[in-house]
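Coordinates in review
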Amino acid sequence: MLSKRVIACLDVRDGHLAKSVKFVNTQNIGDPVEKAHEYYIDGLDELVFYDITASSDKRNIMLDVVEAVASQVFIPLSVGGGVRSVGDATDLRLAGAEKINVNSAAVKRPELIDECSSAIGNQNVVLSMDIRKVEKSHEIPSGYEIVINGGRSPMGLDALAWALEGEKRGAGELVINSIDADGTKDGYEIGLTSMISQAVRIPVIASGGAGLPEHLYEVLTQGHADAALVASMVHYGDYRVSELKSYLHGQGLKMRMSW
Amino acid sequence: MPPSRNNIASIVTLIVDYDAGNLASVKRACQQVGLAAEFCADPDRLRHAERVIFPGVGAAGSAMVSVKERGLDEALREVISNGCPVLGICLGMQISLDHSEENDTSTLGLIEGNVTRFRMDRPDLKVPHMGWNEVTVRQHHPVLAGIVPGDEFYFVHGYYPTPKDQSAVLATTNYEGDFACAIGKASYVGTQFHPEKSGRVGLRLLSNFAKWDGQC
C-alpha cells in the first residue's frame, strides 16, 4: 500500500526562498538549498520548487538552485513556474528535476501537456492548477474556476473539466491549489480536492491553506488527496516535517516513517 | 590491464545510456556513495565494464529498439556472463526479462519471466503506482543488506516483473497484491523502485552495490 506523501513547496524568486500570501506581498525567507536539505533529512517525501522570478533574464538562477538541490537531496524533485515549452522542461530535467509542473502556459496552450508527456513521460508531468471558487454557471458548472497570473486572471475555464482534460492529455499528477485558501492557514479546500480527486485516476496533491497538522489529515482522508503540500507552516518553523508525519501516522494513515 | 575488482576506488561504474530518460539523478546518487560513474553508449566499452548500472524510464518498446540499435543487448549479455555486477533500475530491470506486455515487446531474456500491467480493476488503486511503498526482503542478498521491515522506496511504474522462477524474487511490495520489486540471478540484480530517489535507504542499497563482488 502506498504511503500518503508530505510535500514541501518552496517558492523561489531570484534564487531566494519566498513565501506568498494570496500570491502578493512575497518576502524572502532564506536559502532554498539549505531548506530543502533540512526537510530531506527530516523525512520529507518530495520537494516542489516554484520559480516566481519576475524577469526572464534571471531564469537561469533557478537551474543553479535545482542543480545544487539535486546533488544533495535524494527524493523526487518537482519544478515549475514559467515552463512554456518542452525545451524549458528538458533544461530543468537536466539540472536535476524529476517532475515538471506546468500551469499557466498549459491553460493558454493545452498541447503543452501532450508535448511534455511524450518528451519526458506522463509520470513526470504535473499539471498544477490555481483555482478560485465562483458562482456555479453554465460556463463553470463545478463552481470552481481556473485562474492564472497568480490568481489575478480568471480564465472562464471550469476546474473539473480542466483536470479531466489534463489527465486525458497525459498529465501524470495534479496539484489542486486553492487560491482562496492559499496563505490563510485555515485548512485546505476539502470540497474542491475531493471532487477532483474522485473524478480522475491519477494522483492528486492538495495545496493551499495548510496551517495545522489536522488540516493535512482532513485533506488526505475526506479530501481523498494522495499527497498534501505544505509551505509556510514548515518554512517559519511552526511545525517540523517529521512532526507532521508522526501526527498523521498516529492518526492511522500509512506514512513513510523510516528515513 | 583492467583494474582489479577488489579495488572499488579504481572502478568506474558504467551507466548505460540508451536514451531512456534522465540518467543524471542516478549519476548524482552514485557520486554521493563514492562510486565513480560515467555514462556509456558504446557496446565495446560496456563489454569490458567492471560494474554496470542499467537504468531507464519510458516505454519498453522504444527502449528495446534503442538498446538493439546500439548493440547494447549483446554487450550486456556478455558482461553479465563474465560475472560483472549489474544493477537494473525500473525499466532497465523490466527489459531484463523475456517479454513485456508494454508494447508487446520481446526483451533481453536475462531472467525468465514476463512484465505485466497492473490491472486497474480497483478504483481505489491509481496507475501508475507512484510514491513510497514498503519493500519486504524475501531472500538474503548482499545488495539488499540492511533493509529492515518498514523501509520504503520510491516507485513510479505501471508494469511489474513476474519472474517464472520464484528463486529470482529477492523482495516484494504490496500494491495490487504482492509483486516482485527486486529480482536477481547470478551477478545481475534489478529493482522496480528507484534507489537514487529513495533517500537514505536507497543510497544504502547503491552503496551495497558498489561493494558487491557479483557473488551471492
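A brief structural summary. (Residues numbered from 1 in each chain as written. Chains lettered and ligands numbered in written order. Predicted model: local features only at pLDDT ≥ 70, side-chain atom pairs only at ≥ 80, totals over all residues. Heavy atoms only, no water.)

**Here we look at the packing of aromatic side chains**
Residues and elements named next belong to chain B. Taken as a whole and judged by the stated rule, the model has 11 aromatic pairs over all chains. Here Phe155 and Phe193 contribute two aromatic rings whose centre-to-centre distance is 5.7 Å and whose plane-to-plane angle is 75°, an arrangement assigned as edge-to-face. Placement of the pair is Phe155 in strand β10 (residues 152-157) and Phe193 in the loop between β14 (188-191) and α6 (199-211), with a sequence separation of 38 residues. For Phe155, a relative accessible area of 0% corresponds to the buried category. (Phe/Tyr/Trp six-rings, centres within 6.5 Å; stacked < 30°, edge-to-face > 60°. Helix = DSSP H or I, 4+ residues; strand = E, 2+ residues; numbered from the N terminus. Buried < 20%, exposed > 50% of the residue type's maximum accessible area, 1.4 Å probe, protein only.)

**Let's talk about the pattern of salt bridges**
Residue and element names in this part refer to chain A. Enumeration over the complete set of coordinates arrives at 22 salt bridges over all chains. Taking the shortest distance from any N to any O, the salt bridge between Asp42 and Arg240 comes out at 2.9 Å. Of this pair, Asp42 sits in the loop between α1 (32-41) and β4 (46-51) while Arg240 sits in the loop between α9 (232-235) and α10 (241-250), and the two are 198 residues apart along the sequence. The class of Asp42 is buried, set by a relative accessible area of 9%. With its nearest N and O atoms 3.8 Å apart, the salt bridge here joins Asp180 to Arg132. You can see Asp180 sitting in the loop between β10 (173-178) and α7 (190-199) and its partner Arg132 sitting in strand β7 (residues 125-133), a full 48 residues away along the chain. (Salt bridge = Lys/Arg side-chain N within 4 Å of Asp/Glu carboxyl O.)

**Considering the packing of helix α2 (residues 60-70) of chain A against helix α3 (residues 86-95) of chain A**
All names here are of chain A. It is at 8 Å that the axes of α2 and α3 come closest, and there the two elements cross at 35°. On the side of α2, the interface is formed by Leu63, Val66, Glu67 and Ala70, while α3 contributes Asp91, Leu92 and Ala95. Counted by class, the contact of α2 with α3 contains 5 nonpolar, no polar and 2 charged residues. (Axes fitted to C-alpha atoms, helices over the stretch in contact; angles between N-to-C directions. Contact = heavy atoms within 4.5 Å. Nonpolar A, V, L, I, M, F, W, Y, C, P; charged D, E, K, R; others polar.)

**Regarding the sheet that holds strand β9 (residues 136-137) of chain B**
Residues and elements named next belong to chain B. In spatial order, the strands read β2-β1-β3-β4-β14-β13-β12-β9; together these 8 strands make up an open sheet with mixed pairing. Since the sheet does not close on itself, it has two edges, and those belong to β2 (36-40) and β9, each with one partner. As paired elements, strand β13 (residues 177-185) and β14 share 4 bridges and run antiparallel to each other. Bridge pairing in β14 links Ile183 to Gly190. Of the strands in this sheet, β1 (12-16), β3 (52-54), β4 (86-89) and β14 are in contact with helix α4 (residues 72-81), which crosses β4 at around 135°. (Pairing = 2+ DSSP bridges.)

**Thoughts on the side chain of Lys197 of chain B**
You can see Lys197 of chain B is positioned in the loop between β14 and α6. Using a relative accessible area of 3% as the deciding quantity, one classes Lys197 of chain B as buried. A distance of 3.5 Å separates the side chain of Lys197 of chain B from the backbone oxygen of Ile75 of chain A, its partner in a polar contact. Lys197 of chain B has contacts with Phe74, Ile75, Pro76, Leu77, Gly96 and Glu98 of chain A together with Ser25, Trp132 and Tyr154 of chain B, leaving out every residue within four places of it along the chain. (Polar contact = N/O pair within 3.5 Å; in protein donor to acceptor, adjacent residues only side chain to side chain.)

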